Structure formats: structure tokens, C-alpha cells
Amino acid sequence: MPHIICLAKQVPDPETPAAQFKVDEAAKKVIPVPGIQPVPSQFDTIGVEAALRIKDDVADTIITIVSLGPDSNRDTIKHSLAMGADEGVHINDPAVNDSDHWATAETLAAAIKKLEPYDLIIAGRQAVDWDMGVVGTTIAEILDLPSVTIAKDVKMADGTVTVERVLLDGFETVEAPTPCVVTVSNELGEPRYPQLRQIMQAAKKEVKTWTIADLGIDTPQNRTTLEALFVPDTSIETEFIEGESAQEIGEKLAVRLNEEKLI
Amino acid sequence: MASGVLVFGEATDDGGLNPVTKELIAAGSNLGGPVTCVLAGTGVEGLAQECVAAGAGKVIVVDDPILTPYQGDAYIPMAERITKEVDPSVLLMGQTMMGRDLAPRLAQRFSTAVAMDCMALSMDGDQLIAERPCYGGSARARYKINGTPQMATLRAKAVEPLAPDSSRQGEIVRQDAGVTADQVRTKITDRRKEKAEGVRLEDATVVISGGRGLGGPEGFKELEDLAEIMGGAVGASRAVCDLGWYPVPTQVGLTGKVVTPDLYIAVGISGASQHMAGISSVKNIVAINKDADANIFKASRFGVVGDWKEIFPAFKEKVRELKSA
Ligand SMILES: Cc1cc2nc3c(=O)[nH]c(=O)nc-3n(C[C@H](O)[C@H](O)[C@H](O)COP(=O)(O)OP(=O)(O)OC[C@H]3O[C@@H](n4cnc5c(N)ncnc54)[C@H](O)[C@@H]3O)c2cc1C
Ligand SMILES: Nc1ncnc2c1ncn2[C@@H]1O[C@H](COP(=O)(O)O)[C@@H](O)[C@H]1O
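K.L.:
So what's going on with the overall build of chain A? Which residues, and what values?
P.N.:
Per the secondary structure count, chain A includes seven helices and 15 strands. Considering only C-alpha atoms, chain A reaches an extent of 70 × 45 × 40 Å along its principal axes. Out of the 263 residues in chain A, the part that is buried amounts to 53%. Pairs at least 24 apart in sequence give 72% of the contacts found in chain A among residues at least 6 apart. Counting every atom, chain A has about 11,500 Å² of accessible surface; 50% of that belongs to carbon and sulfur. Side chains of chain A carry 23 positive and 44 negative charges; the gap between the two charge centres is 5 Å.

This is the structure in C-alpha cells:
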């Protein structure tokens, strides 16, 4: 039975309007916006989609969702289960809920070990909060697995994972033996949206809750110190080009750019 | 004691020096240096002198076909060995396809950390301070790294290269990759380029980008016309790449390309933070958008509020006229 582990992080909604996005500079944290719920990190939902496409081909594939974070992360796991994943593991421990990327990777790797055997680990190319893009590949190093980053297509058959990678100016097909780690990108396509029936079914699927003690490891140490978090002011004075007609405005714009030696 | 800066330079697919290499060397020099630059790949030896002229005190050339095209499994043992030998205090790579893949894995080998996609680097005593965008470009974070080496990847064009000086002296040494084929667990079976003709987005001095406001893929024809007149390149928002209106490699933004033209013309693009993340160092942004409150205007030097379909043709023809005058 093929076993795929999908990592899923919960993040503040990245579609939060710019005007409402604020940070607490002293606490070095984003201030939650009332009425805007946290969401599954976009690339992680895409990762679940990638796993489900493999499961569409090989029906007895088991997909386990692993998420590290506070209580609300349960919603992210439930969303993935409603999409069609089979089981969830919620690592919820105040000792690590605020970890940096490296301690997170250590903790997740320990959880993944506990879920052996597995064939494929899927992570997002980056979590859409800090946009760091390191946890997937770091886990590969910790577990001594091959990794392939920034995938737009993932297939698995006969002990080989075949990945279409997005390059700067094209694509690349890479084969890796199982088990391996793949990080996925939005070019993979839209994730499926759970139907009401699936949401009800997901309520019955099992979500295990593990603490650091359950993982049998010491609390991993952070390797970074966040010194500051702030919102940069990038606004500038805009010169609006106006006129009587669209024709006139279009021409005026060209003339102004020419005056500024920009064309 | 760890000291100095080790940078991993890169060659381009067609055998030139990836410009980020000189930016990394400059960044390393600004941090106090001395800078050792690794150049790995096939046929890269000829680029070593260029690295010296750009400010590298030493260049380690690792010329081996096993290193092209890039695969993590082939690079990591080589990068790990050289890092051990050089024992740098700071280690830098570009935020390139290689850097994204290699930096976290190398960091893990040394139980240290890497700040990805940095826009500014400085030293506070012996401590690297790495500043990077986060939250889709809405915020910036500053990190210290509590490990050795202190690692960062640098965004393209974040640092000015030093003026090339061919009288600079530097040591150039050759090393073997020391990697055998059986260590490489992955296999590249195919590589395809998409949309290679025309000016590269990353190099273009003028970029004209279209968004969902174009109303359909046909709109891009107009943008391409203007790009041709201006000798520029055409970019796109993620919304239109996701819709299949324009090729994926043209996507500008957080998860697309970072571009640094002198002039960026955004047509029918709302200016989401993730799009702006790709143009954060562009000084002259022109926005054409029918919504006067669109976020794009906040960062734009010139703005036109209106329907692009009505404004753009007149704009294009006037540019053509001015260019030929
Ligand atoms: C994790 C993550 C990563 C992302 N990465 C990227 C990225 O790399 N690059 C990127 O671009 N986006 C990215 N996005 C998506 C981003 O949030 C926006 O959804 C996207 O940029 C919107 O594209 P758009 O401006 O073309 O479309 P819209 O937001 O729909 O804007 C269309 C604009 O066109 C205007 N318009 C409509 N009709 C006309 C007309 N006739 N004439 C003139 N104007 C008109 C409208 O007023 C509107 O402002 C990312 C999102 C997430 C969550
Ligand atoms: N707390 C977490 N819980 C589950 N998965 C995570 C967590 N943090 C990171 N990941 C995974 O690692 C990917 C990259 O994250 P990052 O390195 O933080 O940008 C994410 O898209 C997730 O798949």
C-alpha cells in the first residue's frame, strides 16, 4: 500500500487586504485580523492535490496529513481530510508551536519517522507566511532522502517518483527513488474543493495529536533569532495622467515617459 | 575560528557567468571579506578571472560534468567538503534554482540556518544581519543566525556588483568534485525550454506586464507589440499564468521572477503584495488600471485610471512615433 505524507501548515490568510495587514513590531508577530480566519498554506493544499492525483490512479494509497501548530491547525488538517486524505497527525505542543524553521523541520522529521513506512513526503515550496522555503528540503537531509523541489507534476509508480520541475525558463523531468521528498508549486494546478458530503466524512476520519514526548525527542533548538519584523513603506507619490479622451491620455503618458527619458 | 565569506557563484546555461555571482562577491566584500568564490559546473574555468576582477580573493574551480545540470545530490558533498576546508564565517548563494535547493540542505549538514531570499545583508560585529521579505512581500524580517557558517541566499540585483578591475589579483585553484555517479540518487530524464526568444525578462530594461484586467490571452498581442517597439520583454501576473493566458516562465512576483527594469508598465494588474514582491526595486512603475483604488498605484510613479483597451493603443502609437523620431 503506497503511503504518502503531506505536510500542511496553517497561515494567516495571504489574501488579507494590504490595508488590514499589520504587525506588532515589539512582539515580532502579525496581528490577526478580526473576521479573517487562518487558512491552509496555499502550496500545502496543492501538495494534497498532488497526493490525491496519485491516489486517483492507485486507489489503495494512504495519505497522511502532518501539521505542527496550535489548536486551530486542526481545521487545516480537516480541510485536507475533506479533500480526500485519509488520516491526520496534529503535533500540538507549546514547546514547539513557535519554533523556527529548523526546529520545525526536526520535529516534523521525528513525526515522519514515527509514521514509517512511507514512499513519498510532499511539502509546499514555501509556507506563505514567512516564505522561507526550507522545511521540505531540510527534512530530506535529516532523513537522508533525495529531494526534488518546485514540482508542477508528481507521479509515483514502481518505486520511482517522476517529477516535472519548474525551471526559470522551462521545465525538467526528474526521477527519484522512493522514499523521497518533493516540494510543490502552484503550476501543479487548482486543488480540488471539498464537497459537503466529504466534509461530513472527514469529521469521522482520525486525527492523532502528538506532543514532543510522544515523538521521543528532546525539544529541538531554534537556530535563528528574529531581530525585527516590520511593514516597509513602499508607497510613493503617483503622477496621474489625465485628459479629455482616452486617446489624449494615452498619448500624454507616452510624452511624459519620453520627457523622463524612460522610452 | 571561522572567518571570511564563501560564496557559491554560478554559470548560466549558455556558459556565461550568472550576474548574481558578482553581486554575491560584492555582498561578501561589503561584509568585510575576504571572499572565496566557488565556481562549479562544466567549462567554468574560463569564468574564474572574471570573479577575481569582480573582487574575489580566491576562486575554487570545480569542473566536472557530474555537476551539470544542477542536482542536489551531486552538489552537496562537494559543497560540504569545500565549506569544511574554507571554514567561512558567512556563506552566501544566489536565490536561484540552485540556491533554493542547495542552501537549506547544506545548512542542515552544518546544523546551522540560512535566511532565504535576502534583500540586504550587514554585519553587527561578528553577527550577520539578514533582511528579507515575508508575508508575500507585505512585511520584512531581520534575522540573526545562531550557527556557523551564517548562511543567506541573496535576491538578484539586491546588491550592486563592484566595478570590474582587471588588475585585481586573486588565487585560482582547481578541485575535483569528488562525487561519484552512484551518490546521485535522482536522474534528470528531460529538459525543455519554453519561450526562449526575445529579451530575457531578468535582463530587460523595459518590462510590460499584463494581468487579469486584459480580459483574455488576446490582449497580450498588444503588449508584445509595444515590447517590440521598446526593445523590452513581456511579463504576466500569476492570475493570468494560472488561467493559461500566458506562459508560466513570464510570471513576475514572489513565486515568479524578480525583475529590475528601468521601466515597468503594469496593465490590468491589481498590485497584490505577491506581485509587487517581484518588482520591489523598480523605480519607475507605470500602472494602467480602471480601478482608481487599485493597490498598484501606491507604488507607481505614473498612473492612468481607465480601460486599458481604450488607452493602450494610443499610448503604443505615440511611443512608436517618439521612438522613430
Ligand atoms: C502564496 C502566493 C503567491 C503568489 N505569487 C504571485 C506571483 O508570484 N505573482 C503574481 O502576480 N501573483 C502572485 N500571487 C497572486 C496574487 O495574490 C494575486 O492574486 C494576483 O497577482 C492577481 O493578478 P492580477 O492583478 O492579474 O488580477 P486581479 O487581482 O484580478 O486584478 C485585475 C486588475 O485589472 C483591473 N482591470 C480590469 N479590467 C480592466 C480594464 N479593462 N482596463 C484596466 N484595468 C482593468 C482591475 O481593476 C484589477 O485591478 C500569489 C498569491 C499567493 C497566495
Ligand atoms: N508547522 C508546519 N507544519 C506542517 N508543515 C510545515 C510546517 N512548517 C512548514 N511546513 C512544510 O514545509 C513547507 C515549507 O515551509 P517553509 O520552509 O516554512 O517555507 C510548507 O509548505 C509545509 O509543507
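K.L.:
Kindly report on the domain arrangement of chain A, identifying the contributing residues and their values.
P.N.:
For chain A, the assigned domains read domain 1 (3-215) and domain 2 (233-263). Spacing between the C-alpha centres of domain 1 of chain A and domain 2 of chain A amounts to 45 Å.

K.L.:
Describe the domain arrangement of chain B, with residues and values.
P.N.:
Residue and element names in this part refer to chain B. For chain B, the domain assignment lists domain 1 (5-183) and domain 2 (206-324). Taking only C-alpha atoms into account, the centre of domain 1 sits 32 Å from that of domain 2. In this assembly, seven residues from domain 1 lie in contact with seven residues from domain 2. Regarding the contact of domain 1 and domain 2, the summed buried area is about 610 Å², with carbon and sulfur atoms giving 49% of it. Area buried by domain 1 at its contact with domain 2 is led by Gly-136, Arg-155 and Lys-157, which between them contribute 64% of it. Run the count over domain 1 and domain 2 and you get zero salt bridges. Inspection of the region where domain 1 meets domain 2 yields six residue pairs in polar contact (both at pLDDT 80 or more). By residue class, the composition of the side of domain 1 that touches domain 2 is two nonpolar, three polar and two charged.

K.L.:
For the pairing of strand β10 (residues 160-167) of chain A, give the residues involved together with the corresponding values.
P.N.:
Residues and elements named next belong to chain A. The buried fraction of β10 amounts to six of the eight residues, a majority that puts the element mostly inside the structure. Direction of pairing for strand β9 (residues 147-157) relative to β10: antiparallel, over a ladder of six bridges. Directly across from Asp-153, in β10, lies its bridge partner Glu-164. Here β9 folds back onto β10, and the loop between the two strands holds two residues, one of which, Asp-158, carries a positive phi near 50 degrees.

K.L.:
So, the interface of chain B and chain A: which residues are in play, and what are the values?
P.N.:
The partner chain A presents 80 residues to the 78 residues of chain B that form the contact. In this structure, the connection of chain B to chain A is made through nine salt bridges. Between Arg-185 of chain B and Asp-144 of chain A there is a salt bridge, with its nearest N and O atoms 3.5 Å apart. Seen at the junction of chain B and chain A, the total is 37 residue pairs in polar contact (both at pLDDT 80 or more).

K.L.:
Run through unusual backbone geometry, naming residues and quoting values.
P.N.:
Leave glycine aside and you will find that most residues have negative phi; peptide bonds, for their part, are mostly trans. Residue Thr-178 of chain A is joined to Pro-179 of chain A through a cis peptide bond whose omega torsion reads -10 degrees. Within the secondary structure, Pro-179 of chain A is located in the loop between β11 (170-177) and β12 (180-184). Of note, the bond from Thr-68 of chain B into Pro-69 of chain B is cis; its omega dihedral lies within 30 degrees of zero at -15 degrees. Within the element layout of this structure, Pro-69 of chain B appears in the loop between β3 (58-63) and α3 (72-86). In the Ramachandran plot, Asp-144 of chain A falls in the positive-phi region, its phi being about 55 degrees despite a non-glycine side chain. Backbone geometry at Tyr-135 of chain B places phi at a positive 50 degrees, although glycine is not the residue there. Following the sequence through the fold, Tyr-135 of chain B ends up in the loop between β7 (127-134) and β8 (139-145). A residue is classified by how much of its surface remains accessible, and Tyr-135 of chain B, at 11% relative accessible area, is buried.

K.L.:
Tell me what's going on with the site of ligand 1, and back it up with residues and numbers.
P.N.:
Around ligand 1 lies a shell of 28 residues, among which Arg-212, Ser-237, Ser-270, His-275 and Asn-289 of chain B are the nearest. Looking at what sits near ligand 1, you find residues from chains A and B. One of the backbone N or O atoms of Leu-254 of chain B is found 3.1 Å from an oxygen atom in ligand 1. Here an oxygen atom of ligand 1 sits 3.4 Å away from a polar atom, N or O, in the main chain of Gly-256 of chain B. Contact with the protein chains hides 86% of the accessible area of ligand 1, taken as 980 Å² for the molecule alone.

K.L.:
How would you summarise the side chain of Thr-186 of chain B if you had to cite specific residues and measurements?
P.N.:
Mapping Thr-186 of chain B onto the fold places it in the loop between β10 (171-175) and β11 (187-193). By relative accessible area, which is 10% here, Thr-186 of chain B ends up buried. Among the polar contacts listed, one links the side chain of Thr-186 of chain B to the side chain of Gln-71 of chain B, at a separation of 2.7 Å. For Thr-186 of chain B, the residues in contact, after removing those within four places along its chain, are Pro-146, Ser-147, Val-148, Val-174, Glu-175 and Ala-176 of chain A together with Gln-71 and Asp-73 of chain B.

K.L.:
Tell me about the packing of helix α5 (residues 219-230) of chain B against helix α8 (residues 308-324) of chain B, residues and numbers included.
P.N.:
Residue and element names in this part refer to chain B. The N-to-C vectors of α5 and α8 enclose an angle of 20 degrees; their axes lie 10 Å apart at closest approach. On the basis of the axis angle, α5 is roughly parallel to α8. Judged by the twist between their axes, the crossing of α5 over α8 is left-handed. Contact residues: α5 offers Gly-219, Glu-222, Leu-223, Asp-225, Leu-226, Ile-229 and Met-230, while α8 offers Trp-308, Phe-312, Pro-313, Phe-315, Lys-316, Val-319, Arg-320 and Lys-323. Along the lines of polarity and charge, the residues of the contact of α5 with α8 split into nine nonpolar, one polar and five charged.

About the thresholds
Residues numbered from 1 in each chain as written. Chains lettered and ligands numbered in written order. Predicted model: local features only at pLDDT ≥ 70, side-chain atom pairs only at ≥ 80, totals over all residues. Heavy atoms only, no water. Helix = DSSP H or I, 4+ residues; strand = E, 2+ residues; numbered from the N terminus. Buried < 20%, exposed > 50% of the residue type's maximum accessible area, 1.4 Å probe, protein only. Contact = heavy atoms within 4.5 Å. Areas by Shrake-Rupley, 256 points an atom, 1.4 Å probe, with all protein chains shown as cover. Lys, Arg positive; Asp, Glu negative; His and termini not counted. Charge placed at Lys NZ, Arg CZ, Asp CG, Glu CD. Domains from an automatic or database assignment. Buried area = accessible area lost by both parts, 1.4 Å probe. Salt bridge = Lys/Arg side-chain N within 4 Å of Asp/Glu carboxyl O. Polar contact = N/O pair within 3.5 Å; in protein donor to acceptor, adjacent residues only side chain to side chain. Nonpolar A, V, L, I, M, F, W, Y, C, P; charged D, E, K, R; others polar. Pairing = 2+ DSSP bridges. Near = heavy atom within 4 Å. Axes fitted to C-alpha atoms, helices over the stretch in contact; angles between N-to-C directions. Parallel < 35°, antiparallel > 145°, perpendicular 65-115°, else oblique. Left-handed = near helix turned anticlockwise from the far one by under 90°.

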